[in-house]
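Coordinates in review
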Amino acid sequence: MSEDVRLVAWVRGRVQGVGFRWFTRAKALEIGGLSGFALNLGDGRVQVVAEGAREGCEGLLEWLQSDDTPGRVDGVTEIWDTPRGGYEGFAIR
């Protein structure tokens, strides 16, 4: 049985104005079983919060760190936690 986790990731680079949040949501839906959101921050980063099976969250993190994302990712900082719940699907904020 899979452990449920919470991933919070801050993505640095040219990640605003390039559809990054939309593609992040699409990837989360493709992986399946993830809830959370992607949010543009005032300093140019995108914050991604995802909750669900550890394997799904790890897959989303791998994608965030890959060259397959829109724009240009210079780095990703992540923290792992226990799920808090309260998300309806995966949203763009």
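The preceding data block contains the structure.
Attention in this report is confined to the structure presented alongside it. (Residues numbered from 1 in each chain as written. Predicted model: local features only at pLDDT ≥ 70, side-chain atom pairs only at ≥ 80, totals over all residues. Heavy atoms only, no water.)

**Side note on the environment of N40**
Our working definition: Secondary structure elements follow DSSP: runs of H or I of four or more residues count as helices, runs of E of two or more count as strands, with numbering from the N terminus. We call two residues contacting when some pair of their heavy atoms lies within 4.5 Å. A 3.5 Å cut-off defines polar contacts: any pair of N or O atoms within that distance qualifies, except that in protein one atom must be a possible hydrogen donor and the other a possible acceptor, and neighbouring residues in sequence count only when both atoms are side-chain atoms.
Topologically, N40 is positioned in strand β2 (residues 35–40). Counting along the chain gives 38 residues from N40 to E78, while the straight-line C-alpha distance between them is 16 Å. Among residues more than four places away in sequence, those in contact with N40 are V15, Q16, R21, R45, V46 and R93. Only 3.5 Å separates the side chain of N40 from the side chain of R21, close enough to count as a polar contact.

**A look at helix α1 (residues 20–31)**
Quick reminder of the rule: Here a helix's expected span is defined as the number of its residues, less one, multiplied by 1.5 Å. Partly exposed residues are those whose accessible area sits between 20% and 50% of the maximum for their type, while under 20% is buried and over 50% is exposed, using a 1.4 Å probe and protein chains only. Summarising the geometry, the arc corresponds to the directions from the helix axis toward the C-beta atoms.
With twelve residues, α1 extends 16 Å between its outermost C-alpha atoms, agreeing within 8% with the 16 Å of an ideal straight helix rising 1.5 Å per residue. By the burial criterion, the buried members of α1 are F20, T24 and A28. Here the buried residues of α1 occupy an arc of 75° about the axis, which is enough to place them on one side. Every exposed residue of α1 that faces more than 90 degrees away from the buried side is listed here: W22 and E30. Two residues or fewer after α1 comes G32, characterised by a positive phi angle close to 85°.

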